[in-house]
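One letter stands for each residue in the lines below.
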Amino acid sequence: MNSEDFLEGQIILIDKPLTWSSFQAVNKLKYILKRNFDLPKKFKIGHAGTLDPLATGLLIICTGKFTKKITEIQAQSKEYTGTITVGATTPSYDLETEINAVFPTNHISDDLIYQTTKQFIGEINQKPPIFSAIKKDGKRLYEHARAGEEVEIAFRKTSIYEFEITRIELPEIDFKVSCSKGTYIRSLAYDFGKALKSGGYLSKLRRTKIGNYEVLNGILPNDFEKLYEL
């Protein structure tokens, strides 16, 4: 490929590593491409859907004229695999924050888990986590949370197309979920724990698909860099 290819537009499938932010991944690719190709200062590059640092998996990066496709790609359905840990909650609904409450799990059977998944199939009302980037009163929700401020968060409608339990080894429950744009898997973990009359938080998350794009076809950022090593 040459600079014109990236300016005309490319879709690059990245397998984002754990602890990397989506912003870091985009910056890494921008640095690699600008270092190896004669690209203008205002070279356009961006991602189609944020992944939290504690999540891994598919991050779609668009370059040049293909940055116009970002909104269209973001609107497509997503598939994730992950682990819900039951018996406790955290303020962020994942491992970003410490456990703030514990709950019993002795009553949780395999059958209860499978039956409870049915409550979450179809269109559901979901409340985004307080530790999220949604804006409220001109500030990100996580800014309110870190300042210790209480804010009212409105429910949002989202769709869960599939919710499959793939392993049960309490307190861990592995799952695969297919959902619409705007679904918070952290909120799903929290709500699932609550529906089990216990608590729950997301302890592992991997995005495997966006529309027809699959992480199986993705590349790690450092391996992408090796493609252009002299």
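Everything numeric in this text was worked out from a predicted model, so none of it was measured. (Residues numbered from 1 in each chain as written. Predicted model: local features only at pLDDT ≥ 70, side-chain atom pairs only at ≥ 80, totals over all residues. Heavy atoms only, no water.)

Undergrad: What's the story with the overall build of the chain in this structure? I'm lost.
TA: Scanning the chain for helices and strands turns up seven helices and 13 strands. Evaluated residue by residue, the chain yields a buried proportion of 46% over its 230 residues. Surface accessibility of the chain: about 12400 Å² in total, with carbon and sulfur atoms responsible for 49%. (Helix = DSSP H or I, 4+ residues; strand = E, 2+ residues; numbered from the N terminus. Buried < 20%, exposed > 50% of the residue type's maximum accessible area, 1.4 Å probe, protein only. Areas by Shrake-Rupley, 256 points an atom, 1.4 Å probe, with all protein chains shown as cover.)

Undergrad: Even after reading the chapter, I still don't get the pairing of strand 1 (residues 11-16), so can you show me in this structure?
TA: The two faces of the sheet receive side chains in turn, since in a regular strand these alternate between them. Burial analysis of strand 1 places five of its six residues in the buried class, the great majority of the element. Relative to strand 3 (residues 55-63), strand 1 runs antiparallel, the two being bridged by six bridges. Its bridge partner lying in strand 3, I11 is registered against C62. (Pairing = 2+ DSSP bridges.)

Undergrad: What's the story with helix 2 (residues 22-36) in this structure? I'm lost.
TA: An α-helical turn contains 3.6 residues, so a residue and the one three or four places further along point in the same direction. Taking 1.5 Å of rise per residue, 15 residues should cover 21 Å, and helix 2 covers 22 Å from first to last C-alpha, within 8% of that figure. Buried-residue contacts for helix 2 involve helix 1 (3-8), strand 1, strand 2 (45-47), strand 3 and helix 7 (221-226). (Expected span 1.5 Å × (residues − 1). Contact = heavy atoms within 4.5 Å.)

Undergrad: Looking at this structure, I do not really get the pattern of salt bridges. What am I missing?
TA: Pairing is possible between side chains of opposite charge, provided their charged atoms come close. In the structure shown here, the tally under the stated rule is 10 salt bridges. In this structure, E169 and R167 form a salt bridge, with 3.3 Å as the shortest nitrogen-oxygen distance. Where R167 meets E172, a salt bridge forms, and the shortest distance between an N and an O atom there is 2.6 Å. For R167, a relative accessible area of 28% translates into the label partly exposed. One network of salt bridges, with partners in common, ties together R167, E169, E172 and D174. (Salt bridge = Lys/Arg side-chain N within 4 Å of Asp/Glu carboxyl O.)

Undergrad: What am I meant to see in the nonpolar core here?
TA: The nonpolar side chains of a soluble globular protein tend to be buried, and buried together. Of all hydrophobic cores here, the largest spans 23 residues; its most connected members are F163, F175, V177, I185 and F192. Counting residues per element, the ones that place at least two in this core are strand 4 (78-86), strand 10 (156-169), strand 11 (172-179), helix 6 (185-195) and strand 12 (200-210). Leave out the neighbours within four places in its chain, and F175 touches Y80, T81, G82, T83, I84, F163, E164, I165, T166, I185, L202 and L205. By size, the runner-up hydrophobic cluster in this structure holds 17 residues, among which are I14, V26, L29 and I45. (Core = buried A, V, L, I, M, F, W, Y, C linked by side-chain atoms within 4.5 Å.)

Undergrad: What is the right way to look at helix 6 in this model?
TA: By the burial criterion, the buried members of helix 6 are I185, R186, S187, L188, A189, F192 and G193. Buried residues along helix 6 sit against strand 4, helix 4 (110-117), strand 7 (122-126), strand 10, strand 11 and strand 12. The positive-phi residue at the C-terminal boundary of helix 6 is K197, with phi of around 60°.

Undergrad: Would you explain the side chain of K78 in this entry?
TA: Relative to the assigned elements, K78 resides in strand 4. At 12 Å, E72 is the nearest oppositely charged side chain to K78, a buried residue that forms no salt bridge. Within polar-contact distance, the side chain of K78 engages the backbone oxygen of Q74 at 2.6 Å. Ignoring sequence-local partners within four residues, the contact set of K78 consists of V177, S178, C179, K181, R207, K209 and I210. (Lys, Arg positive; Asp, Glu negative; His and termini not counted. Polar contact = N/O pair within 3.5 Å; in protein donor to acceptor, adjacent residues only side chain to side chain.)

Undergrad: Just to check I follow, could you spell out a nonpolar patch on the surface for this structure?
TA: Where nonpolar side chains cluster on the molecular surface, the patch consists of L18, L54 and L95 and spans about 270 Å² of accessible area. Position of L18 relative to the elements: it lies in the loop between strand 1 and helix 2. (Patch = residues over 30% accessible without salt bridge, like charges linked within 9 Å, V, L, I, M, F, W, Y side chains within 5 Å.)

Undergrad: Explain the packing of aromatic side chains to me, please; I cannot follow it from the model alone.
TA: Each aromatic ring pair is described using two quantities: the centre-to-centre distance and the angle formed by the ring planes. By the definition in use, this model includes six aromatic pairs. With centroids separated by 6.2 Å and ring planes inclined at 85°, the aromatic side chains of F163 and F175 adopt a geometry described as edge-to-face. Placement of F163 in strand 10 and of F175 in strand 11 is noted, with a sequence separation of 12 residues between them. Note on F163 and F192: the rings are 5.3 Å apart at their centroids and 65° apart in plane angle, and the pair reads as edge-to-face. With F163 in strand 10 and F192 in helix 6, this pair connects stretches of sequence that are 29 residues apart. The exposure class of F163 is buried, given its relative accessible area of 8%. (Phe/Tyr/Trp six-rings, centres within 6.5 Å; stacked < 30°, edge-to-face > 60°.)

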